[in-house]
Amino acid sequence: MTTLPPLPMTRPKLTSLARQKLPCCPETIPRSQLIKEKDDIDHYLEVKFKGLSKEEVAAYRNSYKKNICVDMLRDGYHKSFTELFALMEKWDALREAAQVRSIFWLQRPLEEQPDKLDHFYFYLTRAEVAERKGYFEDVYNNLYALACYFNNPEDKWVRNHFYQRCFQIAQLIKIDGGKKAAEALGHMGLLFEEDGHLLEAAEHYEAFHQLTQGRVWKDEAGRFLNLLACESLLRTYRLLADKMLENEDYKQAIKILIKASEIAKEGNDKKMEGEASYYLGLAHLAAGEHETALAVLRSYSEISTDLDDDLSLGRAYEAIAKVLQSRGEMTEAIEYLKKVVKIARNNFQSLDVVKASTMLGDIYNEKGYYKKASEYFRQAFDTTEELTNMPLMDETKVHYGIAKAHQMMLTVNNYIEAADLASLDCLLAWKESRSDIAPDPVTGEPRGSTTESL
């Protein structure tokens, strides 16, 4: 979301006077001079500022927050005052609750944040004036400006409050063809998505998508609303499908991902269409539908090739290799994984190099080609050393050690089976040094097989 540019604040009389005593103002009155007792304050003001009116004295005596509230009530903005007062009460309640849970709570009281109070006053009162005149689009714009201003992790609950207010007001706007209603549905979908309520989020995003179909509406950043609706809906469908796959509900997961794929095609965005195909292919793989998975993932690889997107192509090849491995087609799986390693190296994607090299090592190790397995596990281990990723380094070290042990064990077995003096000398020399044992020229791989077969 794009934050709207700051508007020049026109402050009412009391808040303008009160602003002068804030610590952030260059012409400040030291707090130590403002004695809390009422009589002493009155005396201080009488001595220092003769001729001040009663209102001006009140402005200096009261907190900035109180002056904001007084100005709202005095100028007739009772609805704005009610809303602000409810927000301030919730603000204090949240701070107090957080203090109970954690001593590291750093949220400042609202009275110590005059800029936020200024924004509340400025936009709430403008929204109230517009509402009285029936200009609901102006009401929406002012409330949306507040949502944008409070769009940060600390104040997200305030942003969500104004998203809900925008959604209510958007239903009253009849002159824009439903654009504000569509935007509000998108914001409500985001609200539910962030809270983990994915079904409610999907419901709002679906309505958002439906309203924007065939429209060329754009948001304030120039992005098409229909494309945003498609992206939001796809993201939510994918999260829902992930939960279904965790629960082994493959049928429903595939159903919702097929729906996502259809929406992606409507969005007329090839990259988004490819992403939808990727997740659908993985769902078919999880369900054991290898033929369908292979067809969908090859479609993803074709889209990635057309877009000249190497990273997506590498991801497609890796997924295809998994399908082929599940079908027992190891030779083809190895070819795809080698392509993944090459693409990852060319694009400096070290983690992808580690992943693909480990998969290759696993295949060779499982088939008994321990020398090849050791080479790929060593490649993965060396890459993790460059990354200085200790947990991953430990994992690849174990894989490499197992493959080396298998390779040595095969050589030792072959020497034992040979039962000749040369083999015995090699075994004795190895037992004395416990270093790498020299492989027999005709061993090192299982007898009667060659690495060329894989």
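Residues numbered from 1 in each chain as written. Predicted model: local features only at pLDDT ≥ 70, side-chain atom pairs only at ≥ 80, totals over all residues. Heavy atoms only, no water.

Draft legend 1. Seen up close, the layout of surface pockets. Here the second largest pocket is characterised by a volume of approximately 340 Å³. Around the second largest pocket, the lining comprises 17 residues; the ones closest to its centre are Gly186, His187, Leu190, Arg223 and Leu228. For the lining of the second largest pocket, the secondary structure elements donating two or more residues are helix 9 (179–194), helix 10 (198–212) and helix 11 (225–246). Sorting elements by how many residues they give to the lining of the second largest pocket places helix 11 first, with five residues. (1 Å grid on protein atoms, 1.4 Å probe; cavity = no way out; pocket = protein on both sides within 12 Å on 5 of 7 lines; lining within 4 Å. Points joined across faces, edges and corners; volume = space filled by probe spheres on them. Helix = DSSP H or I, 4+ residues; strand = E, 2+ residues; numbered from the N terminus.)

Draft legend 2. Quick look at empty space enclosed by the protein. Under the defined criterion, the tally for this structure stands at three cavities of 30 Å³ or more. Here the largest cavity defines a volume of roughly 50 Å³. Forming the walls of the largest cavity are Lys79, Ser80, Glu83, Leu124, Ala127, Glu128, Glu131 and Arg165. Residue assignment for the lining of the largest cavity shows that the elements contributing at least two residues are helix 5 (78–101) and helix 6 (114–133). Here the lining of the largest cavity gets four residues from one element, more than from any other, and that element is helix 6. The residue makeup of the lining of the largest cavity, split by class, is two nonpolar, one polar and five charged. (Nonpolar A, V, L, I, M, F, W, Y, C, P; charged D, E, K, R; others polar.)

Draft legend 3. A look at unusual backbone geometry. Unlike most non-glycine residues, Glu248 shows phi in positive territory, near 60 degrees. Looking at where Glu248 falls in the secondary structure, it is placed in the loop between helix 11 and helix 12 (250–266). According to the relative accessible area criterion, Glu248 is exposed, its value standing at 57%. For Asp308, which is not glycine, the phi torsion reads 55 degrees and is therefore positive. By the element assignment, Asp308 lies in the loop between helix 14 (290–306) and helix 15 (310–326). For Asp308, a relative accessible area of 65% gives the class exposed. (Buried < 20%, exposed > 50% of the residue type's maximum accessible area, 1.4 Å probe, protein only.)

Draft legend 4. Structural context of the packing of aromatic side chains. Under the criterion given, the structure shown has 13 aromatic pairs. For the ring pair Tyr149 and Phe150, a centre distance of 5.0 Å and an interplane angle of 90 degrees mean the geometry is edge-to-face. Residue Phe150 is classed as buried on the basis of its relative accessible area, which comes to 0%. Both rings, one in Tyr278 and one in Tyr300, keep their centres 5.4 Å apart while their planes meet at 50 degrees; by these two values the pair is tilted. A residue pair is termed long-range when its members are at least 10 positions apart, and Tyr278 in helix 13 (residues 270–286) and Tyr300 in helix 14 qualify at 22 residues. You'll find Tyr278 and Tyr300 in the same group, each marked buried. (Phe/Tyr/Trp six-rings, centres within 6.5 Å; stacked < 30°, edge-to-face > 60°.)

Draft legend 5. Broad picture of the side chain of Thr212. Of note, Thr212 is situated in helix 10. The exposure class of Thr212 is buried, given its relative accessible area of 1%. One polar contact links the side chain of Thr212 to the main-chain carbonyl oxygen of Phe208, over a distance of 3.1 Å. Within the structure, Thr212 has its side chain in polar contact with the backbone oxygen of His209 (distance 3.1 Å). (Polar contact = N/O pair within 3.5 Å; in protein donor to acceptor, adjacent residues only side chain to side chain.)

Draft legend 6. Local environment of the nonpolar core. In this structure, Phe120, Leu124, Tyr140, Leu143, Phe162 and Tyr237 are the most contacted members of the largest nonpolar core, which totals 71 residues. Among the elements that line this core, the one with the most residues is helix 11, at ten residues. Setting aside anything within four residues of it in sequence, one finds Tyr237 in contact with Ala202, Glu206, Ile256, Lys259, Ala260 and Ile263. If you look at the next biggest cluster of nonpolar residues, it comprises 33 residues, including Leu297, Ala321, Ile334 and Ala403. (Core = buried A, V, L, I, M, F, W, Y, C linked by side-chain atoms within 4.5 Å. Contact = heavy atoms within 4.5 Å.)

Draft legend 7. Layout of the packing of helix 12 against helix 13. Running from amino to carboxyl end, helix 12 crosses helix 13 at an angle of 165 degrees, the nearest separation of the two axes being 9 Å. Judged by the angle between their axes, helix 12 and helix 13 are roughly antiparallel. As helix 12 packs across helix 13, the resulting crossing turns out to be left-handed. Seen from helix 12, the contacting residues are Tyr250, Ile254, Leu257, Ile258, Ala260, Ser261, Ala264 and Lys265; seen from helix 13, they are Met272, Glu273, Ala276, Tyr279, Leu280, Ala283, His284 and Ala286. Classifying every residue of the contact of helix 12 with helix 13 gives twelve nonpolar, two polar and two charged. (Axes fitted to C-alpha atoms, helices over the stretch in contact; angles between N-to-C directions. Parallel < 35°, antiparallel > 145°, perpendicular 65-115°, else oblique. Left-handed = near helix turned anticlockwise from the far one by under 90°.)

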